[in-house]
Amino acid sequence: MDADVTDSAGPPSDPDHSAGDKPQGRSQEDPGPEGVNPGGGPPGDGTPEDGAPAAGEETPAAAEPEPETGADPEPEPEPEPGTGADPSRAPGPDSATAGGGADVQTWADRPKDGVVAARKRRWLRWTALGASFLVLIAAGVGWWMYQKLDGNITTDTSAAAELKAYEKERPTPVVMDAQNILLIGSDSRAGDNRKYGRDDGGSQRSDTTILLHLAADRKSATAVSLPRDLMVEIPSCRTGDDKETRKQFTQFNTAFELGGTACTIRTVERMTGIRVDHHMVVDFNGFKDMVDAVDGVEICLKEPINDKDAHLELPAGRQTLNGEEALGYVRARKTLGDGSDTERMERQQQFLGALVNKMQSNGVLLNPTRLYPVLDAATKSLTTDPGLDSLRDLYDLVRGMRNVPTEQVQFLTVPRQPYRNNANRDELVEPDAGDLFKQLREDRPVAVVPADELKEAQEDQGKKQDGKPDDAGSESPTPTPTYSGSSAADDLCKQ
């Protein structure tokens, strides 16, 4: 038997192997700890390895190396009969350390790490899905809001068609980047506006008309009020029932009643020589809702107001007007001041300035959350030309104005005086009105000051031009034309 063992395994002193060579088979694996024979016996005793076949048995194939620590465990193969192999005595190369190190990962710990990793992967997947869902919801809400605001706007295609038919007679733009927008406050008493006066079959009149000039550099905005009783020449216009009106000299707001927006635009262009780029028609309810959307506008009253026609009753002093009260305030006429339309226009200008100041000072134009109610209120009652009938167009317009300093948002009324043939009507004062229109047409600046300051400035200007010899030959830059008016920076409670 010893001879058989010697023949099968080969003694250490086999002449075919040098002293330093490693034997074949299992002995080619990494050696165990120092002083331990890979065969299991004491070093150099020539004892065959554990599990060596007995005499007459075939030598089994070399055992597959066990998986290293860190790899997923696989079921171990059953030992072949008669080999006597003991899996517990065939550790991997890193796990054969005598005594077993405390930092060695055991097989029981390995599945736990896999579960933790799987849980982390699942958590990341659910987080990504949740974030994607929120993005989709936000995008859907944003799209719905955009579509809602966009759908609120009414497009006036008939006015655009009529203006196109009269294109040859319209003024040519002088400064391309400047914009002139005609703002028309509808005086219709139909529908929800019935409570503000008699309904004349739904007829409309331009209760308020403002020519808004935006400078090309967007550093100033000038709003010029056109009195509704101003006597002007109205061209022949097409009515709603497709009839032609005659050319006539009458009060300004008749143009809107006869031929609507297109007739009003043509009248303004003939009077001023300024090309109207866009127009907006806003009814009463739109104005009310805009004031409510900014949480009211503050004013100061020197005297209490009790105007039944305007549905307005207010005490004297500082107070914040809501939309309903604001509408009554800008419409009141008979019970305030001298009852003239001139004073009413001044109140309208001052209130609009306070509204603009409120929107800019509270960051409404820069805050989408606060801007949305304002846009919603405006678009619900807004009729525009095709060039401003989308939310994108309106947003671009508002964005261009949001950086205009409030002191450069100016309001004034076109220079006028009582009409010579009827003191209840107005007529233009020349050359002042012509100079104003020229400044706006050429995108040049104008200045506004309160009426009392304007009178003092005019007296000082007269003294400088009194014809004294020392003034002869002196050259000075052309002064900026100055008119009676106000700016959005003015505090109504300090006047």
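Keep in mind the model is a prediction, meaning the values are calculated, not measured.

Draft legend 1. Quick peek at the overall build of the chain. A tally of regular secondary structure across the chain gives 11 helices and 17 strands. Out of the 495 residues in the chain, the part that is buried amounts to 35%.

Draft legend 2. Main features of the state of the cysteines. Throughout the structure, instances matching the rule amount to 1 disulfide. With its sulfur 2.1 Å from that of its partner, C237 forms a disulfide with C263. Measuring handedness by torsion sign, the sulfur bridge of C237 and C263 sits at about 75 degrees and is right-handed. Of this pair, C237 sits in the loop between β5 (231-234) and β6 (248-251) while C263 is found in helix α4 (residues 254-272), placing the two residues 26 residues apart along the sequence. No difference in accessibility class separates C237 from C263, as the two residues are buried.

Draft legend 3. Spatial organisation of the pattern of salt bridges. Under the definition given, this model contains 16 salt bridges. As a salt-bridge pair, R266 and E162 come within 3.9 Å of each other at their nearest N and O atoms. With R266 in helix α4 and E162 in helix α3 (residues 157-165), this residue pair connects regions lying 104 residues apart in the sequence. Of the two residues examined, R266 and E162, each falls in the buried class. E167 is the partner of R170 in a salt bridge, and the nearest nitrogen-oxygen pair spans 3.8 Å. A network of salt bridges, in which partner residues are shared, links E162, E169, E233, K247, R266 and R270.

Draft legend 4. Summary view of unusual backbone geometry. A cis amide bond, omega 10 degrees, links E430 with the succeeding residue P431. With respect to the helices, strands and loops of the structure, P431 is situated in the loop between β15 (422-428) and α10 (432-441). Residues other than glycine seldom take positive phi values, yet D295 does so here, at roughly 65 degrees. Note on D295: relative accessible area 58%, which makes it exposed. Located in the positive-phi region is D443, a residue other than glycine, with phi close to 60 degrees. Mapped onto the secondary structure, D443 falls in the loop between α10 and β16 (447-449).

Draft legend 5. Representation of the pairing of strand β2 (residues 179-186) in the model. For β2, the tally of buried residues reaches 6 of 8 residues, placing the bulk of the element in the interior. Examined bridge by bridge, β2 and strand β7 (residues 278-282) share 5 bridges and lie parallel to one another. Bridge pairing in β7 places L182 opposite H279.

Draft legend 6. Focus on a positive patch on the surface. Residues R119, R121, R122 and R125 make up a contiguous surface patch of positive charge. Among the structural elements, R121 can be located in helix α2 (residues 109-152). Residue R121 is classed as partly exposed on the basis of its relative accessible area of 47%.

Draft legend 7. Seen up close, helix α5 (residues 284-293). α5 sits mainly inside the fold: 8 of its 10 residues count as buried. Along α5, the positions that sit buried rather than exposed are F284, N285, G286, F287, K288, M290, V291 and A293. N-capping of α5 is provided by D283, with a side-chain oxygen placed 3.1 Å from the backbone N of G286. One or two steps after α5, the chain reaches D295, where phi turns positive at roughly 65 degrees.

Draft legend 8. Seen up close, the packing of α5 against helix α6 (residues 323-331). Direction vectors running N to C along α5 and α6 enclose 125 degrees, while the axes themselves pass 8 Å from each other. It follows from the interaxial angle that α5 and α6 lie oblique. Handedness of the α5/α6 crossing: right-handed. The segment α5 lies against α6, with F284, F287, K288, V291 and D292 engaging G323, E324, A326, L327, V330 and R331.

Draft legend 9. Spotlight on the confidence of the model for the chain. The pLDDT averaged across the chain works out to 74; a share of 65% of its residues lies at or above 70. Within the chain, the lowest mean pLDDT, 42, falls on helix α1 (residues 2-9), and the highest, 96, falls on β5. With pLDDT under 50 throughout, residues 1-75 is counted as low confidence; its partners more than four residues away or in other chains account for 48 contacts.

Draft legend 10. Looking closely at empty space enclosed by the protein. Across all of its chains, the model carries 2 cavities of 30 Å³ or more by this definition. Here the largest cavity defines a volume of roughly 1,200 Å³. Around the largest cavity, the lining is made up of 42 residues, and of these L183, V282, M290, L352 and L355 lie nearest the centre. If one sorts the elements of the lining of the largest cavity by residue count, helix α7 (residues 341-361) sits on top with 7 residues. Classifying every residue of the lining of the largest cavity by side-chain character gives 31 nonpolar, 8 polar and 3 charged. Lining the second largest cavity we find D207, T208, T209, S225, L226, R228, D341, R344, M345 and Q348. Of all the secondary structure elements, the ones that give two or more residues to the lining of the second largest cavity are β3 (206-214) and α7. By residue number, the principal contributor to the lining of the second largest cavity is α7, which donates 4 residues. Looking at the lining of the second largest cavity residue by residue, the classes come out as 2 nonpolar, 4 polar and 4 charged.

The rules behind each value
- Residues numbered from 1 in each chain as written.
- Predicted model: local features only at pLDDT ≥ 70, side-chain atom pairs only at ≥ 80, totals over all residues.
- Heavy atoms only, no water.
- Helix = DSSP H or I, 4+ residues; strand = E, 2+ residues; numbered from the N terminus.
- Buried < 20%, exposed > 50% of the residue type's maximum accessible area, 1.4 Å probe, protein only.
- Disulfide = S-S within 2.5 Å.
- Salt bridge = Lys/Arg side-chain N within 4 Å of Asp/Glu carboxyl O.
- Pairing = 2+ DSSP bridges.
- Patch = residues over 30% accessible without salt bridge, like charges linked within 9 Å, V, L, I, M, F, W, Y side chains within 5 Å.
- Areas by Shrake-Rupley, 256 points an atom, 1.4 Å probe, with all protein chains shown as cover.
- Lys, Arg positive; Asp, Glu negative; His and termini not counted.
- Charge placed at Lys NZ, Arg CZ, Asp CG, Glu CD.
- Polar contact = N/O pair within 3.5 Å; in protein donor to acceptor, adjacent residues only side chain to side chain.
- Axes fitted to C-alpha atoms, helices over the stretch in contact; angles between N-to-C directions.
- Parallel < 35°, antiparallel > 145°, perpendicular 65-115°, else oblique.
- Left-handed = near helix turned anticlockwise from the far one by under 90°.
- Contact = heavy atoms within 4.5 Å.
- pLDDT = per-residue confidence, 0-100.
- 1 Å grid on protein atoms, 1.4 Å probe; cavity = no way out; pocket = protein on both sides within 12 Å on 5 of 7 lines; lining within 4 Å.
- Points joined across faces, edges and corners; volume = space filled by probe spheres on them.
- Nonpolar A, V, L, I, M, F, W, Y, C, P; charged D, E, K, R; others polar.

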